[in-house]
Amino acid sequence: MNLYFRDNFFNAGITEILNEQKEQVGYLDLKSAFGSAIDVYDQEDRLVCKGGFPFFSGKWVVTDARGENLGVLRARFAFFTKKFTYETEGRGYYEIISPAFSKEYEVSDDSGVVARFEQTNGWFSSGAFVLNNQSPHLDPYELCAVVMGMHAIQKSQQSAGN
C-alpha cells in the first residue's frame, strides 16, 4: 500500500496522509515554522509517533506517543549518493540510499529492500512524498516520521551550504 504525504511551505500546520484511493488515513502536525518537529496521527486521530531534532543536534529522533525512543536517523557522508541510517531500538538498523540526483530512495536492512519512497514535488514547492512500506518491523506512520526527518536534514544541509 502506498501512502502520500507532504510538508507545508512554511513547515507549520496540518497535512493529510492519504492512501491510494485518496482517503485520509492520518495526518502530520508540523509543529512550528521555526523548527522541524512533527507529530504523526493515525486515522482514528491517535498520536502514533513524534519526530524532531534534539537541542543542537543533527540527528532526527523518532519517539512513540509516550516519548519512548523508536529510533534515530542520521545523515552519512557518501560520494555520489544520498545516504542515511535509521537505527531502531531493538528492531534493527536500516540504510536509506538514493543516487546523487535522484528523488527515489530505498530503505534496506540485512534482508534487503523493505521500503521505497519518492519525493514527488517540483523545485518551488514544499516536499511531497509517496511511501511504499513492505517492512514487518517498521510501522508506516513511523516511516512517515523518518521520511520527514530525512527531508528536514536535507533542508538543514542546504541552508547551511547557502
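Residues numbered from 1 in each chain as written. Predicted model: local features only at pLDDT ≥ 70, side-chain atom pairs only at ≥ 80, totals over all residues. Heavy atoms only, no water.

Draft legend 1. Seen up close, the pattern of salt bridges. Under the definition given, this model contains ten salt bridges. The partner of Glu95 in a salt bridge is Lys83, with the nearest N and O atoms 3.5 Å apart. Here Glu95 is found in strand β9 (residues 93-99), whereas its partner Lys83 is found in strand β8 (residues 81-88), with twelve residues between them in sequence. For Glu95, a relative accessible area of 25% gives the class partly exposed. Overall, Lys83 belongs to the partly exposed group, its relative accessible area being 26%. Overlapping salt bridges bring together Asp29, Lys31 and Asp39 as one network. (Salt bridge = Lys/Arg side-chain N within 4 Å of Asp/Glu carboxyl O. Helix = DSSP H or I, 4+ residues; strand = E, 2+ residues; numbered from the N terminus. Buried < 20%, exposed > 50% of the residue type's maximum accessible area, 1.4 Å probe, protein only.)

Draft legend 2. Representation of the side chain of Asp29 in the model. Inspection of the secondary structure puts Asp29 in strand β3 (residues 24-31). The buried category is assigned to Asp29, whose relative accessible area is 17%.

Draft legend 3. Local environment of the nonpolar core. Core analysis: the largest hydrophobic core is formed by 35 residues, its most contacted members being Phe5, Ile17, Leu73 and Phe117. Dropping the residues within four chain positions of it, Leu73 is found in contact with Lys59, Trp60, Phe84, Thr85, Tyr86, Ile96, Val146, Gly149, Met150 and Ile153. (Core = buried A, V, L, I, M, F, W, Y, C linked by side-chain atoms within 4.5 Å. Contact = heavy atoms within 4.5 Å.)

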